[in-house]
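Close look at the chain arrangement
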Amino acid sequence: MKFYSTNNRSLTVTFKEAVKSGLASDAGLFMPIEIPQLPEDFFLDIHKLSFNEIAFEAAKHFVEDEIPHDELKNIIDFSFTFDAPLVPLKENINILELFHGPTLAFKDFGARFMANVVSYFGKDEKKEIIILVATSGDTGSAVSNAFYEIPNVKVILLYPSEKVSYIQEKQLTTLGKNISALEVLGSFDDCQKMVKQAFVDEDLKKLFNLSSANSINIARLLPQSFYYFYAFAQLFDKKSPIIFSVPCGNFGDLTGGLIAKKMGLPVYRFVAAINTNDVFLKYIQTGKFEPKPSISTISNAMDVGNPNNFARVLDLYGDDHRKIKNDIYAASFTDEETKSAIRDIFEKYNYIIDPHGAVGYLGLKTFLNKNNLSKFQGVILETAHPAKFIDIVEEAIDKQIEMPGRLKSSLEKEKSSVKISNSFEKLKNYLLTHYTQSLE
Ligand SMILES: *Cc1c(COP(=O)(O)O)cnc(C)c1O
């Protein structure tokens, strides 16, 4: 399958080129030239398939002959070594737990698939690949964990100093080996801007084999459609229309769902659940998209003022605001509302949810209050394990929570990061002084 740039449909590249470059040369995002329609049989038998079988059926249409089928199956088996169980909260509200991967957030799905695809395509590369990632927390740990010890690949993470949680910072800064962390004295938007500049800098492009692993990379996006199918498979017996509520930041997770729907997955509606960074809600209300600086909240992985997958959402609907509004309901919530939702869910259902999932819960609840639906299944995407945001969650439910073993081990390690100011020149200097030797 070929992929075009959202800025220019006649600029097309192969899957391999799209994965390698991350962003199109005209700074557009890659989209498949055609969204494949999955056959009816697939949906009739889907409940008999494992997650990895579903992933293969969906992925093979995008990859086509660029990766042989048995290699693609291996990539999938290496990537998805954990489950995505659907947990009922009450009769028609379910939680899709996407935090069972190594870094306890849904980003493990995309990051691990991408790492294995990059490693497959990188087998014949001479120059080592340098992955530059701006992270507001979870992306960085998922990506670095996925690429950890992968030969011929180095990862450089940029994260905003003092704007990620203690646990997130530990996950970002304690891996070592081929992973380095830059602590940027600025915001997440600054980090994102610095990385974007690096990709268009002529000197750096000449010297290095730079690659991005942000949610804009198509190899990270595609796997984010797989678990929507898997949720449907787990609800197969209910035979009810599904409403997915997705906690959104850069809108990569939601875009995965929109792609699944275009591939034929029956979805009644998507809820884009957001915190006070509400540019998407404003877009739904007015048809105008006006990026703003991001605001810090307790659902910090969603603190994005200029969601970078917005161009893909527009592209999927041919820029038609009315069609977007028909498929996506948007709602925004404050930190206070989020904290009371964490408490409510614990008191009513004895379920411990993280702040991002709590925003998803509020989004679904608001949608259902406005719409009189007799038969439906609601699915909230729980994007992170509550222990990643232990202070907020423990305060909200007034109870101590257990720390999973895979988090504990990174907490015991020493933080190692390099502080730099929020300017692209500083990043460029860092790359030139630290990475030119490794080119020889
Ligand atoms: C990244 C992230 C989100 C937002 O996902 P997008 O794809 O950027 O919209 C939500 N919750 C958590 C826990 C995240 O890490």
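Scroll up to find the structure this text is about.
Not measured: the values here are computed from a predicted model.

1. Some points on the site of the ligand
- As a structural note, the neighbourhood of the ligand is formed by 15 residues, with Lys107, Asp138, Gly249, Asn250 and Phe251 the closest of them.
- One of the backbone nitrogen or oxygen atoms of Gly249 is found 2.8 Å away from an oxygen atom of the ligand.
- One nitrogen or oxygen atom from the side chain of Thr383 is found 2.8 Å from a nitrogen atom belonging to the ligand.

2. Topic: the environment of Pro247
- In this fold, Pro247 is placed in strand β10 (residues 242-247).
- Note on Pro247: relative accessible area 6%, which makes it buried.
- Each C-alpha atom of the pair Pro247 and Glu382 lies 8.0 Å from the other, and the pair is 135 residues apart in sequence.

3. Here we look at helix α3 (residues 51-63)
- Spanning 13 residues, α3 covers 18 Å between terminal C-alpha atoms, matching the ideal 18 Å at 1.5 Å per step.
- Phe51, Asn52, Ile54, Ala55, Phe56, Ala58, Ala59, Phe62 and Val63 are the residues of α3 that are buried.
- Note on α3: the residue one or two positions beyond its end, Glu64, has a positive phi of about 45°.

4. With respect to the nonpolar core
- Counting 104 residues, the largest nonpolar core has Phe15, Ile131, Phe229, Phe244 and Phe280 as its most contacted members.
- Core analysis: the second largest hydrophobic core is formed by 39 residues, Phe99, Ala273, Ala341 and Ala396 among them.

5. What to know about the sheet that holds strand β6 (residues 129-134)
- Spatially, the five strands line up as an open sheet ordered β9-β6-β7-β8-β14, and their pairing is parallel. Either end of the sheet is taken by a strand with one partner, and the two such strands are β9 (209-212) and β14 (418-421). Adjacent strand axes in the sheet meet at a mean angle of 30° when their direction is disregarded.
- Summarising the sheet, β6 and strand β7 (residues 153-160) pair through six bridges and their orientation is parallel. Paired with Ile131 across the two strands is Val155, which belongs to β7.
- In the packing of helix α8 (residues 188-200) onto the sheet, the strands contacted are β6, β7, β8 (179-185), β9 and β14, and the crossing angle to β6 comes to about 150°.

6. Thoughts on the pairing of strand β4 (residues 86-90)
- Where β4 lies against strand β5 (residues 93-97), four bridges are found, and the strand directions are antiparallel. By the bridge assignment for β5, Pro88 is matched with Asn94.
- Where β4 hands over to β5, the hairpin turn is made up of two residues, counted between the paired strands.

7. Let's talk about the pairing of β7
- Of all eight residues in β7, seven are buried, a share of seventy percent or more.
- Running through helix α6 (residues 138-147), the crossover from β6 to the neighbouring parallel element β7 is right-handed.
- Bridge count for β7 against β8 is six bridges, and the pairing is parallel. When the bridges of β8 are listed, Leu157 appears paired with Ala181.
- Following the chain from β7 across helix α7 (residues 166-173) to the adjacent parallel β8, one finds a crossover that is right-handed.

8. Quick word on the environment of Asp77
- Locating Asp77 in the fold gives a position in helix α4 (residues 69-79).
- Residue classification places Asp77 among the partly exposed residues on the basis of a relative accessible area of 43%.

9. Things to note about the pattern of salt bridges
- For the structure shown, the criterion picks out 16 salt bridges.
- Across the pair Asp278 and Lys292 runs a salt bridge, and its minimum N-O distance is 3.1 Å. Taken together, the residues span a long stretch of sequence, with Asp278 in the loop between β11 (269-274) and α13 (279-286) and Lys292 in the loop between α13 and α14 (310-316) at a distance of 14 residues.
- Given a relative accessible area of 37%, Lys292 falls into the partly exposed group.
- Salt bridges linked by common partners bring Glu169, Glu183 and Lys415 together as one network.

Rules of the game
- Residues numbered from 1 in each chain as written.
- Predicted model: local features only at pLDDT ≥ 70, side-chain atom pairs only at ≥ 80, totals over all residues.
- Heavy atoms only, no water.
- Near = heavy atom within 4 Å.
- Polar contact = N/O pair within 3.5 Å; in protein donor to acceptor, adjacent residues only side chain to side chain.
- Helix = DSSP H or I, 4+ residues; strand = E, 2+ residues; numbered from the N terminus.
- Buried < 20%, exposed > 50% of the residue type's maximum accessible area, 1.4 Å probe, protein only.
- Expected span 1.5 Å × (residues − 1).
- Core = buried A, V, L, I, M, F, W, Y, C linked by side-chain atoms within 4.5 Å.
- Pairing = 2+ DSSP bridges.
- Axes fitted to C-alpha atoms, helices over the stretch in contact; angles between N-to-C directions.
- Contact = heavy atoms within 4.5 Å.
- Right-handed = clockwise from strand over helix to strand, strands pointing away.
- Salt bridge = Lys/Arg side-chain N within 4 Å of Asp/Glu carboxyl O.

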